[in-house]
Amino acid sequence: GDVTLERDAKGETNLQRAIAPFPAAAKSAGGAGAGRAAEPAKLPAGYTAKLELAGLNVRYREVDSAGKVSNEAAISGLKGEVVANTGGAGAGVAMAQADVEGQVDAGGQKGALNIKLKIDGRADANGVLQPAQAKINADIQADKLPVGLIDALANQSGLLLGALGETLAVDLKADTQG
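Residues numbered from 1 in each chain as written. Predicted model: local features only at pLDDT ≥ 70, side-chain atom pairs only at ≥ 80, totals over all residues. Heavy atoms only, no water.

A few points about the overall build of the chain
The secondary structure content of the chain amounts to 3 helices and 7 strands. Seen in sequence order, the chain has helices and strands lined up from the N terminus as β-α-β-β-β-β-β-α-α-β. Residue burial in the chain is summarised as follows: out of 178 residues, 22% are buried. Of the contacts made within the chain by residues no fewer than 6 positions apart, 59% connect residues no fewer than 24 positions apart. Of the roughly 11100 Å² of accessible surface on the chain, a fraction of 56% belongs to carbon and sulfur atoms. (Helix = DSSP H or I, 4+ residues; strand = E, 2+ residues; numbered from the N terminus. Buried < 20%, exposed > 50% of the residue type's maximum accessible area, 1.4 Å probe, protein only. Contact = heavy atoms within 4.5 Å. Areas by Shrake-Rupley, 256 points an atom, 1.4 Å probe, with all protein chains shown as cover.)

Here's the deal with the side chain of R7
Of note, R7 is situated in strand β1 (residues 2-7). The residues contacting R7, other than those within four sequence positions of it, are E12, T13, Q16, Y60, R61, E62, V63, D151, A152 and S157.

Looking at unusual backbone geometry
Phi at K144 takes a positive value of approximately 60 degrees, unusual for a residue other than glycine. Along the chain, K144 falls in strand β6 (residues 135-146).

Description of the nonpolar core
In terms of nonpolar packing, the biggest core is built from 14 residues, with I75, L78, L113, L145 and L149 touching the most fellow members. Elements with a minimum of two residues in this core: β2 (48-63), β3 (69-88), β4 (93-106), β6 and α2 (147-153). Residues within four places of I75 in sequence aside, it is in contact with L56, N57, V58, Q103, V104, L113, L145, P146 and L149. (Core = buried A, V, L, I, M, F, W, Y, C linked by side-chain atoms within 4.5 Å.)

A word on empty space enclosed by the protein
In this structure the tally under the stated criterion is 1 cavity of 30 Å³ or more. By volume, the largest cavity is sized at about 50 Å³. Every residue along the wall of the largest cavity is listed here: N71, E72, A73, A106, G107, G148, L161 and E166. Here the lining of the largest cavity gets 3 residues from one element, more than from any other, and that element is β3. Its residues placed into classes, the lining of the largest cavity shows 3 nonpolar, 3 polar and 2 charged. (1 Å grid on protein atoms, 1.4 Å probe; cavity = no way out; pocket = protein on both sides within 12 Å on 5 of 7 lines; lining within 4 Å. Points joined across faces, edges and corners; volume = space filled by probe spheres on them. Nonpolar A, V, L, I, M, F, W, Y, C, P; charged D, E, K, R; others polar.)

Points about the side chain of T13
Mapped onto the elements of the fold, T13 is located in the loop between β1 and α1 (14-19). Relative accessible area serves as the criterion here: at 1%, T13 is assigned to the buried category. Not counting the four nearest positions on each side in its chain, T13 is found in contact with E6, R7 and A152.

Thoughts on the environment of S65
As for its position among the elements, S65 is in the loop between β2 and β3. Judged by its relative accessible area of 75%, S65 is exposed.

A few points about the pattern of salt bridges
Counted by the stated rule, this structure contains 12 salt bridges. A salt bridge links R59 to E72, with the nearest nitrogen and oxygen atoms 3.8 Å apart. You can see R59 sitting in strand β2 and its partner E72 sitting in strand β3, a full 13 residues away along the chain. By relative accessible area, which is 43% here, E72 ends up partly exposed. Through salt bridges that share partners, D8, E12 and R17 make up one connected network. (Salt bridge = Lys/Arg side-chain N within 4 Å of Asp/Glu carboxyl O.)

Some points on the environment of E166
Examined against the element boundaries, E166 turns out to sit in the loop between α3 (159-164) and β7 (167-177). Owing to a relative accessible area of 46%, E166 belongs among the partly exposed residues under this scheme.

With respect to the confidence of the model for the chain
Overall, the predicted model of the chain reaches an average pLDDT of 82, with 87% of residues at or above 70. Every residue in residues 25-31 scores below 50 in pLDDT, and together they form 1 contact with partners more than four places removed in sequence or on other chains. (pLDDT = per-residue confidence, 0-100.)

Okay, here's the thing in C-alpha cells:
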C-alpha cells in the first residue's frame, strides 16, 4: 500500500489532522470522574498483535500556500513485521519487536533502511506499564534516511530538518536496561 504524509503551509501534517481528537463535550463539574486520580495504564494479559508489512511505500512532502511541493522524500518497499505480546502481562512480561527493511529516497539519493528492535519487560506483576524497567535491543542501519519524514512523524515542525539536513546516515546498535 501507499501512504503520503503532507505538511501544509501552517506546518501541520495530514496525519496530525487525521488523528487529532474531536473536541470533548463539556462535562459538568460534578460529572463522572470528577475529583478522581487517573488509573495507571494496564496491559491485558494474553494478547498478541502482529502487523506484517509487504511493499508499503511512505512518501513525505511539504506543500506551501501556493501549492508548490518541496522537500520530497520516500521510504519504499517496506517489508517485515511488527509484533506486540502481552502474554504474561500480569506476571510482568510484555514484549514488542520489529524487523523491517526498505529503501529510502531523498532528493534523488537512494539508500537502504534496516530496523531490528525488541523491547522486553514493559509491565509489572499487575500489568501496569513500567517504561523505566524496559530492556531495549536495537539495531538500526540507514543511509540517506530522509530527515523530513522523521521530522513529520515526530511532529517537530521542521526542527530536525533544520538541524540535521535533508538526509542522515545511521548505524546504531544499542542494548539498554531501564
